[in-house]
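# Report on the structure
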Amino acid sequence: MITELAVERVEFTCGHCWHKWSADYDVQQYRDDNGDAWEYFTRDGIAVPSPYDLQGAPPCPICGRHWVGRLIARRPVPVPPGASDTPRSRITVPSDQHRTDRHTAPPLEADAHAQPTPAASPGDR
């Protein structure tokens, strides 16, 4: 059972070349049938390891080294069905006819947001 959904913006700072970048991850927390809690990360709809572990850290786009990310922003997504007074609309047409623009909309990519501006290096001051 899904217990929490969120979008998390994760910032990475390369410890080698000091390049900074960020990416958004969809995160699901859920409990399995044994009651164990799990986290599941996706980026652009593809399952990925946690960006908070070295095995899931993406490579630096400048030098290719891997650095663990840190959470800089988070947006929880309500888990359905929600409270009975939550605004909602009944879908009265077959799912393939409901809001057909959803099927052709371009994907909202994980790195489609404004990237952090590079900090001035000590030699630039």
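Look a little higher up for the structure.
Basis of the calculations
Sequence positions are assigned chain by chain, starting from 1 and proceeding in written order. Residues qualify for local features only when their pLDDT is at least 70, as the model is predicted, and side-chain atom pairs are given and counted only at 80 or more; totals for whole chains, interfaces and linings, by contrast, use all residues. Side-chain descriptors were evaluated using all non-hydrogen atoms of the structure, hydrogens and water having been removed beforehand. Note: two strands are recorded as paired if DSSP finds a minimum of 2 bridges between them. Put simply, DSSP H or I for four residues or longer makes a helix, DSSP E for two residues or longer makes a strand, and each gets a number counted from the N terminus. Axis definition: a line fitted to C-alpha atoms, limited for helices to the stretch in contact. Angles are taken between N-to-C directions and run from 0 to 180 degrees. Any carboxyl oxygen of Asp or Glu that lies within 4 Å of a side-chain nitrogen of Lys or Arg is treated as forming a salt bridge with it.

A few words on the sheet that holds strand β4 (residues 46–48). Pairing is antiparallel in the open sheet, where five strands are placed in the order β4-β3-β2-β1-β5. Because the sheet does not close on itself, it has two edges, and the strands there are β4 and β5 (70–77). Adjacent strand axes in the sheet meet at a mean angle of 35 degrees when their direction is disregarded. For strand β2 (residues 20–31) and strand β3 (residues 37–43), the ladder comprises six bridges, and the chain directions are antiparallel.

Should the charged atoms of two oppositely charged side chains come close, the side chains can pair. Summed over all chains, the structure comprises four salt bridges. Measuring nitrogen to oxygen at the nearest pair gives 2.6 Å for the salt bridge that ties aspartate 24 to arginine 9. Of the two residues, aspartate 24 is situated in strand β2 and arginine 9 in strand β1 (residues 2–13); the sequence distance between them amounts to 15 residues. Put simply, Glu4, Glu8 and Arg74 are held in one network by salt bridges that share partners.

Looking at chain direction, β1 and β2 are connected through eleven bridges and run antiparallel. Counterpart to isoleucine 2 in the pairing with β2 is tyrosine 30. Adjacent in sequence and paired antiparallel, β1 and β2 are bridged by six residues, among which tryptophan 18 carries a positive phi angle near 65 degrees. In this structure, β1 lies alongside β5, joined through seven bridges in antiparallel fashion. Each bridged residue has a counterpart across the sheet, and for alanine 6 the counterpart in β5 is proline 76.

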